[in-house]
Protein chains: 2
Amino acid sequence: MSLAHAILTALLEKPSSGLELTRRFDKSIGYFWPATHQQIYRELKKLEEAGHVHVLPARRPERGQKKEYEVLPAGRAELTAWASAGQDPRPVRDALLLRLRAAAVVGGHGLEDELRRHLALHRRQLEEYLAIEERDFAGDGRGDGRGDGGEERDAGEERGGDADARRLRHLVLRGGIGLESFWIAWLTEALEGLPDALRTA
Amino acid sequence: MSLAHAILTALLEKPSSGLELTRRFDKSIGYFWPATHQQIYRELKKLEEAGHVHVLPARRPERGQKKEYEVLPAGRAELTAWASAGQDPRPVRDALLLRLRAAAVVGGHGLEDELRRHLALHRRQLEEYLAIEERDFAGDGRGDGRGDGGEERDAGEERGGDADARRLRHLVLRGGIGLESFWIAWLTEALEGLPDALRTA
DNA sequence: GGATCTTTTGCAACTAGTTGCATAAAGGTC
DNA sequence: GACCTTTATGCAACTAGTTGCAAAAGATCC
């Protein structure tokens with residue numbers, strides 16, 4: 001049910017239409033819970049049926065016409081409960097580790113290039129995160145800053161989130177930064193110690 | 001298609017029945033690609049249809065009777081190709097980060113306990129990994145060791161995997177160790193900087 | 001004023017993973 | 001020999017995520 005709650009969070013930050021949500025996902029919540037527009041439309045429909053959101057009036061809800069959604073009190077209550085309820089981390093599923101394990105059994109050239117490619121992808125993602133940190137949390141200490149604004153600055157629409165909210169958003173971002181940093185370190189180590197038999201050239 | 005390849009890898013290490021695979025998954029490959037017995041049975045059937053594995057003879061393939069599977073040359077070829085082919089990392093999907101982000105908007109008590117619980121889970125997992133490293137790779141340097149044995153020591157059935165294979169398995173394990181270490185560090189940081197408004201007591 | 005491009009919403013089919021339960025054989029036990 | 005537990009295989013229904021495509025409305029262009 002995580003996607004529904006991701007949507008509720010995004011809608012509380014700012015009421016939006018399906019497509020706007022999709023775009024906002026791409027540059028904030030989507031970093032750790034990506035979703036396509038189809039998923040979002042389907043989920044919005046379910047949320048509406050459940051009475052957690054509703055369409056703002058003054059909009060003819062016809063095909064091709066924008067429908068702006070807003071969170072209802074029931075939706076907010078649901079989100080609050082979900083946020084602090086117990087929920088186990090979902091098990092790790094990483095195909096690259098699996099492929100390395102397979103290579104230990106059957107070998108496989110081209111792995112070196114593949115590791116380099118992943119390294120580049122993770123470096124790019126890290127840079128993106130660091131740029132956001134620089135832009136929105138410049139000068140704050142590690143994960144406990146304060147001030148104004150948020151990850152996305154649409155047009156001064158942020159509700160000025162208080163210091164706690166800001167600190168939490170920074171913490172989440174630090175999570176992404178730490179994760180990418182880990183992969184970069186691990187891939188670097190992997191490339192150094194990669195057996196010659198798996199090297200590309 | 002990752003599960004199919006995980007199964008091929010496990011079967012190459014040692015031909016097994018569905019239930020044996022399930023158990024072996026629980027203590028090695030399943031650390032980064034878990035699967036239930038139902039998933040494994042379904043996948044074995046597909047792999048058999050595709051001609052990638054076959055059932056060893058001298059076994060009546062009846063319900064309740066063990067069926068021992070073995071990888072065919074086509075399966076090995078498929079696995080080799082898959083291991084070094086290009087494949088993007090799947091996007092991160094982490095509910096805890098999402099919940100923190102939600103808490104930034106709606107608050108939520110009980111989060112502190114939840115973070116502590118996750119911290120304990122990750123510490124336990126890290127210990128498990130470190131115990132495996134100690135047992136199977138004691139004395140090896142970071143990710144480039146050599147020697148005998150593998151992650152699972154069933155009964156001396158390991159085919160003595162050469163130094164390269166061993167190094168790769170160690171590298172994969174170091175991946176797990178690094179990942180757990182990252183979460184432990186991040187959760188510790190999170191607990192230190194957690195706003196009072198979200199604390200439990 | 002018709003062509004076509006963009007924005008927005010949406011369906012349908014598919015793939016992957018989860019959950020709950022059913023069935024069969026083998027071996028122990030009383 | 002009736003009953004219980006363990007080992008082993010499996011079906012069916014469900015939930016979640018992906019992919020490909022279609023359709024309505026408005027804007028733009030010539």
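Refer to the structure presented above.
First things first, this report covers the structure right here in the doc. Note that this is a predicted model, so its numbers are computed, not measured. (Residues numbered from 1 in each chain as written. Chains lettered and ligands numbered in written order. Predicted model: local features only at pLDDT ≥ 70, side-chain atom pairs only at ≥ 80, totals over all residues. Heavy atoms only, no water.)

Here's the deal with the interface of chain B and chain A
Put simply, the test is: Residue contacts are counted whenever heavy atoms from the two residues lie within 4.5 Å of one another. The term buried area means the drop in 1.4 Å probe accessible area that two parts suffer when joined, counted for both and summed. For salt bridges, the criterion is a side-chain nitrogen of Lys or Arg within 4 Å of an Asp or Glu carboxyl oxygen. Throughout this description, a polar contact denotes any pair of N or O atoms lying within 3.5 Å of each other; where both atoms belong to protein, one of them has to be capable of donating a hydrogen while the other can accept it, and for residues adjacent in sequence the pair is counted only when both atoms sit in side chains. Strands are runs of DSSP state E lasting at least 2 residues, helices are runs of H or I lasting at least 4, and numbering of each runs from the N terminus.
Opposite the 75 residues of chain B that make contact, chain A presents 75 residues. Between chain B and chain A, the buried area comes to about 6700 Å², and carbon and sulfur atoms account for 66% of it. Among the residues chain B hides against chain A, the three largest losses belong to Arg93, Leu98 and Arg101 of chain B. Together they make up 12% of the total. For the pair chain B and chain A, the interface holds six salt bridges. A salt bridge links Arg101 of chain A to Glu13 of chain B, with the shortest nitrogen-to-oxygen separation between them at 3.2 Å. The interface formed by chain B and chain A includes 24 residue pairs in polar contact (both at pLDDT 80 or more). Looking at the side of chain B that touches chain A, the elements with two or more residues in it are helix H1 (2-13), helix H4 (73-84), helix H5 (95-106), helix H6 (111-137) and helix H7 (163-193) of chain B.

Here we look at the packing of aromatic side chains
All names here are of chain B. Condition: Within 6.5 Å between ring centres, the rings of Phe, Tyr and Trp (the latter by its six-membered ring) count as paired, and their orientation is classed by plane angle as stacked under 30 degrees, edge-to-face over 60, tilted in between. Each residue's exposure class comes from its accessible area (1.4 Å probe, protein chains only) as a fraction of the maximum for that residue type: buried when under 20%, exposed when over 50%, partly exposed otherwise.
Per the counting criterion, the structure on display carries six aromatic pairs over all chains. Taken together, a centroid distance of 5.2 Å and an interplanar angle of 85° make the contact between Tyr31 and Tyr129 edge-to-face. Placement of the pair is Tyr31 in the loop between helix H2 (18-26) and helix H3 (37-49) and Tyr129 in helix H6, with a sequence separation of 98 residues. For Tyr129, a relative accessible area of 6% puts it in the buried group. The interplanar angle of 55° and the centroid separation of 4.8 Å between the aromatic rings of Phe182 and Trp183 together place this pair among those described as tilted.

Interpretation in functional terms is not warranted from these geometric data alone.
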